[in-house]
Amino acid sequence: METPYGNQVKVYDKERTVCDCLRKKNSLDNDLVFEAVKRYLKGPEADYAKLLKYAEIFNVRDDVRKDMEILT
């Protein structure tokens, strides 16, 4: 993707970003992580199957499932 300044940067999809937040939740603000997950899960484009696939890969499946139970 190109930034407003014309630089090329790598971007990931929402599901990967949610998993990255959960992986690094100890170094991020807990409220920020919870809000990010909540917004994703309540959004119309949430792909639970894709999220769980990433969660398995990045070893955050239990965190994702717990949040899904709380928020859905």
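Residues numbered from 1 in each chain as written. Predicted model: local features only at pLDDT ≥ 70, side-chain atom pairs only at ≥ 80, totals over all residues. Heavy atoms only, no water.

Caption draft 1: Examining the overall build of the chain more closely. From N to C terminus, the chain includes four helices and zero strands. Traced from its N-terminal end to its C-terminal end, the chain shows the element sequence α-α-α-α. Along the three orthogonal principal directions, the C-alpha set of the chain runs to about 40 × 25 × 20 Å. Per-residue burial over the chain gives 26% buried out of 72 residues. Of the contacts made within the chain by residues no fewer than 6 positions apart, 57% connect residues no fewer than 24 positions apart. For the chain, the computed accessible surface area is about 5500 Å², with 50% contributed by carbon and sulfur atoms. Where the 14 positive side-chain charges of the chain centre and where its 14 negative ones centre are 2 Å apart. (Helix = DSSP H or I, 4+ residues; strand = E, 2+ residues; numbered from the N terminus. Buried < 20%, exposed > 50% of the residue type's maximum accessible area, 1.4 Å probe, protein only. Contact = heavy atoms within 4.5 Å. Areas by Shrake-Rupley, 256 points an atom, 1.4 Å probe, with all protein chains shown as cover. Lys, Arg positive; Asp, Glu negative; His and termini not counted. Charge placed at Lys NZ, Arg CZ, Asp CG, Glu CD.)

Caption draft 2: Representation of the packing of helix 1 (residues 14-23) against helix 2 (residues 30-42) within the structure. Contact pair helix 1 / helix 2: the axes reach a minimum separation of 10 Å and the direction vectors enclose 155°. When the axis of helix 1 is compared with that of helix 2, the two are roughly antiparallel. Pair helix 1 / helix 2 crosses with left-handed handedness. Contacts between helix 1 and helix 2 pair Lys14, Glu15, Val18, Cys21 and Leu22 from the former with Val33, Val37 and Tyr40 from the latter. Each residue belonging to the contact of helix 1 with helix 2 can be placed in one class, and the counts come to six nonpolar, no polar and two charged. (Axes fitted to C-alpha atoms, helices over the stretch in contact; angles between N-to-C directions. Parallel < 35°, antiparallel > 145°, perpendicular 65-115°, else oblique. Left-handed = near helix turned anticlockwise from the far one by under 90°. Nonpolar A, V, L, I, M, F, W, Y, C, P; charged D, E, K, R; others polar.)

Caption draft 3: Just the confidence of the model for the chain, in detail. Here the chain shows a mean pLDDT of 92. Residues at 70 or above account for 100%. Taking the mean pLDDT of every element in the chain, the minimum, 88, falls on helix 4 (residues 61-71) and the maximum, 95, on helix 3 (residues 48-57). (pLDDT = per-residue confidence, 0-100.)

Caption draft 4: The nonpolar core, seen in detail. Judged by nonpolar contacts, the single largest core of 15 residues is most densely connected at Leu22, Val37, Leu41, Leu51, Val60 and Val64. Look past the residues within four positions of valine 37 in its chain and what remains in contact with it is Val18, Leu22, Asp67 and Leu71. (Core = buried A, V, L, I, M, F, W, Y, C linked by side-chain atoms within 4.5 Å.)

Caption draft 5: Geometry of the state of the cysteines. The tally for this structure, following the rule as stated, stands at zero disulfides. Free cysteine: cysteine 19, not disulfide-bonded; nearest cysteine sulfur from cysteine 21 at 9.3 Å. Judged by its relative accessible area of 19%, cysteine 21 is buried. (Disulfide = S-S within 2.5 Å.)

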